[in-house]
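A structural walkthrough
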Amino acid sequence: MAQGIPEDLIDEIRQRTDIVGLIGEYLKLERRGKNMVGLCPFHSEKTPSFSVSSERQLYHCFGCGASGNAFNFMMEQEKLTFPEAARVLAERAGVKIPLSGSSAREETLKEKLYEINLLAAKYYAYCLNKLKVGQAALNYLEQRGISAESRQAFMIGYAPLGWTGFHDFAVKRRVDPAMLVKAGLVSAGRDNKHYDRFRDRLMFPIFNIRGRITGFGGRIIAERPGSGPKYLNSPETAIFNKGATLYGLNLTRETIRKEKTAILMEGYTDVIKSYQSGIKNITAPLGTALTETQVRLLHSQADTVVIAFDADSAGQAAAWRGLALLQDSGCLVRVADLPEGSDPDSYISKQGREAFSALVAGAVPLMDYRMARLKKDYDLHTDKGRKGYTDEVVDLLKNTANLVERDHYLKVASENLMVSEEILRAELKRRSAFFRKPVPESGVSGDRNEFEVLPAEKILISLMLHSKDIALRGRTLIKPDYLSGPQVRHLLEIITASAAEERTFSAEKILNRLDDERVRKFAAAAVADPALQDLEPSRAKRMLEDCCSSLQNMWLEKKTLELEQKIKELELQGLDDKVTELLYQYQQEIANSKADHNRSDKGVD
């Protein structure tokens, strides 16, 4: 049993799940030789180092070391436990995992929250479309030009004005009020009563990339005393993380991938109206400031991102920080210059789809837009304006890694200020020196969770993971004492036991049995080593024997050094008889080691 799920069902899920297809639902993958590669979803990078092997059903990132099989990917990507990942993959693969009555009542918290959110979305949609209390909200949507088809596609709803409408509805369906609190849909009052979080608001369900509702965004229709902020999101829950979600991506990612371009908008209605007009390579952050997680998600889907925020939002400092993250990730970032006071929703309503598409096609590079914006924001005829412009330009340029780009915009700024380039360059150099910070070396070797592994051990493990015959051969050649640490010894035991006992031998199955994350990452990196792929059996056997000989020789050297140290200690103590005994034990140990090696060479187990 794997954490409550029978091994045969785990094997069936594994066999029915193609890791390339699974990861391809999250990342844009391209073929490179026998493998597929893409940008790693677990760390920021500009050059793809995330490799997915269809043959071995494994992934490995050569940048951060993330690695594993389909189950590991779902656990990392969706922040799931192993049983949760197994159930998600089982549902995807059409494998039924039976639950007893008690198990059914003890389904995971996350699964219950998904069910409650779906119940809430259906309730809000019913209130909007079927009840008289939703008529004002329905009229508002119709006035905004949002069609019935769009309301259905995005599951738009309405939360009535009352204090306990959804709470009472859910409780009648035997939902525990405590679970409604955990879902972020109701709040507990001081009087121990529960009150709806969303009241008199248009409701926009927020979906994850797999199409499941993780939270909600609520927009007030008419401002009144006590109505709260214009927009209100679900609080952070076990399944909702505002900074890790992009609105509408569940519907639009296929188009984004096809066109290799995403149009980033600000609001729910911007996305809905654009989608309705036929522009479908769109998405929106839940707030204007992009997070690193959202940047990685965007970059995994598109090479180019066109920003289509309204002018006020595009000028906010928080928005610029997020867009700088996006540009630093390697995306080509361009900005569509929307007229003052307009957003995609209003622009499409007034000017139409073709005009908006032309605006997107004419989008300018992010730095061009930023420089033009700064020139517009400051009066360069005044000392105060010139200082403000200079401060912002220098801050902008000192964070620009591309030296050619930096030099170009330095010239633009000097022309705008009507000063020599040398003066501006000196100011840039002064501030860059002041703000420069040490940059840590890249790579995963400094990770405090790493453990030391000899090069020969890594090659040995890689060869044995690739082939059952090699694993069985290694079993006869290598002694656990020859290995440098307990982690490698444990891994060797699992590999050799699997080769000896199991009918089907695969690296994927072995990785799935490893509980220690460090050992699993090491094993996945070893099996993904490009230098050890597709070796001829005879060459693989010779390499194995060389590794074993090398490790044995290192062990002998270590034993010799230990012996010399012990002899010195015994001689200083005058224990000559102990020295003779120690030498005899050493000779016996060395002789046994050589005898074992000779028997292995002759094929004797």
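Residues numbered from 1 in each chain as written. Predicted model: local features only at pLDDT ≥ 70, side-chain atom pairs only at ≥ 80, totals over all residues. Heavy atoms only, no water.

1. Looking at the overall build of the protein chain
Stated precisely, the cut-off is as follows: Each helix is a run of DSSP H or I of at least 4 residues and each strand a run of E of at least 2, with the numbering of both proceeding from the N terminus. For the exposure calls, accessible area comes from a 1.4 Å probe over protein chains only, and a residue counts as buried if that area is under 20% of its type's maximum, exposed if over 50%, partly exposed in between. In this description, contact between two residues means that some pair of their heavy atoms is separated by no more than 4.5 Å. All accessible areas in this document rest on Shrake-Rupley with a 1.4 Å probe, and a residue is counted as covered only by the protein chains that are shown.
Counting secondary structure elements, the protein chain contains 28 helices and 17 strands. A buried classification covers 47% of the 605 residues belonging to the protein chain. Once local pairs closer than 6 in sequence are excluded, the contacts in the protein chain between residues at least 24 apart make up 66%. Working note: accessible area of the protein chain is about 31100 Å², and carbon and sulfur atoms make up 51% of it.

2. Considerations on the side chain of Ser-150
We count it as follows: In protein, a polar contact requires one atom able to donate a hydrogen and another able to accept it; more generally it is a pair of N or O atoms within 3.5 Å, and residues adjacent in sequence count only if both atoms are side-chain atoms.
Within the fold, Ser-150 resides in helix 8 (residues 148–153). What makes Ser-150 buried here is its relative accessible area of 5%. Of note is the side chain of Ser-150, whose polar atom sits 2.7 Å from the side chain of Gln-276. Setting aside anything within four residues of it in sequence, one finds Ser-150 in contact with Ile-156, Ile-272 and Gln-276.

3. So, the pairing of strand 16 (residues 332–335)
Applicable threshold: Paired strands are those between which DSSP finds at least two bridges.
In strand 16, alternate side chains face the same way, and those of Val-333 and Val-335 are buried while those of Leu-332 and Arg-334 on the opposite face are not. The pairing of strand 15 (residues 304–307) with strand 16 spans four bridges and is classified as parallel. When the sheet's bridge partners are listed, Val-305 is paired in strand 16 with Val-333. The pairing of strand 16 with strand 17 (residues 364–365) spans two bridges and is classified as antiparallel. In the strand pairing of strand 17, Arg-334 is matched with Pro-365.

4. Thoughts on the nonpolar core
Our working definition: The criterion is simple. A nonpolar core is a set of buried Ala, Val, Leu, Ile, Met, Phe, Trp, Tyr and Cys residues joined through side-chain atoms within 4.5 Å.
Ranked by internal contacts, the top residues of the largest apolar core, which has 58 residues, are Tyr-124, Ile-156, Leu-185, Phe-216, Tyr-247 and Phe-356. Broken down by element, this core gets its largest block of residues, nine residues, from helix 6 (residues 109–130). Counting residues in hydrophobic clusters, the runner-up holds 54 residues, among them Leu-9, Ile-19, Cys-40 and Leu-264.

5. Details of the pattern of salt bridges
The condition that has to hold: Throughout this description, the term salt bridge denotes a Lys or Arg side-chain nitrogen within 4 Å of a carboxyl oxygen of Asp or Glu.
Considering all chains together, one arrives at 18 salt bridges under this definition. One salt bridge in this structure joins Lys-376 and Glu-340, with 3.6 Å as the shortest N-O distance. Placement of Lys-376 in helix 18 (residues 366–377) and of Glu-340 in the loop between strand 16 and helix 16 (344–351) is noted, with a sequence separation of 36 residues between them. Note on accessibility: Lys-376 and Glu-340 belong to one class, exposed. Across the salt bridge formed by Arg-473 and Glu-545, the nearest N and O atoms sit 3.3 Å from each other. Of this pair, Arg-473 sits in helix 23 (residues 468–477) while Glu-545 sits in helix 27 (residues 537–572); the two residues are 72 residues apart in sequence, bridging distant segments of the chain.

6. Some words on the sheet that holds strand 16
Condition: Lines are fitted to the C-alpha atoms to define the axes, a helix being fitted only along its stretch in contact, and any angle between axes, read from their N-to-C directions, falls within 0 to 180 degrees.
Strand order in the open sheet formed by six strands is 12-14-13-15-16-17, with mixed pairing between adjacent strands. Both outer strands of the open sheet, strand 12 (246–247) and strand 17, are each paired with one neighbouring strand and no more. In this fold helix 12 (residues 268–277) packs onto strand 12 and strand 14 (282–285), with an angle of close to 175° to the strand it touches most, strand 14.

7. Some thoughts on helix 13 (residues 292–299)
In terms of burial, helix 13 is a largely internal element, six of the eight residues being buried. All buried positions along helix 13 are accounted for by Gln-294, Val-295, Arg-296, Leu-297, Leu-298 and His-299.

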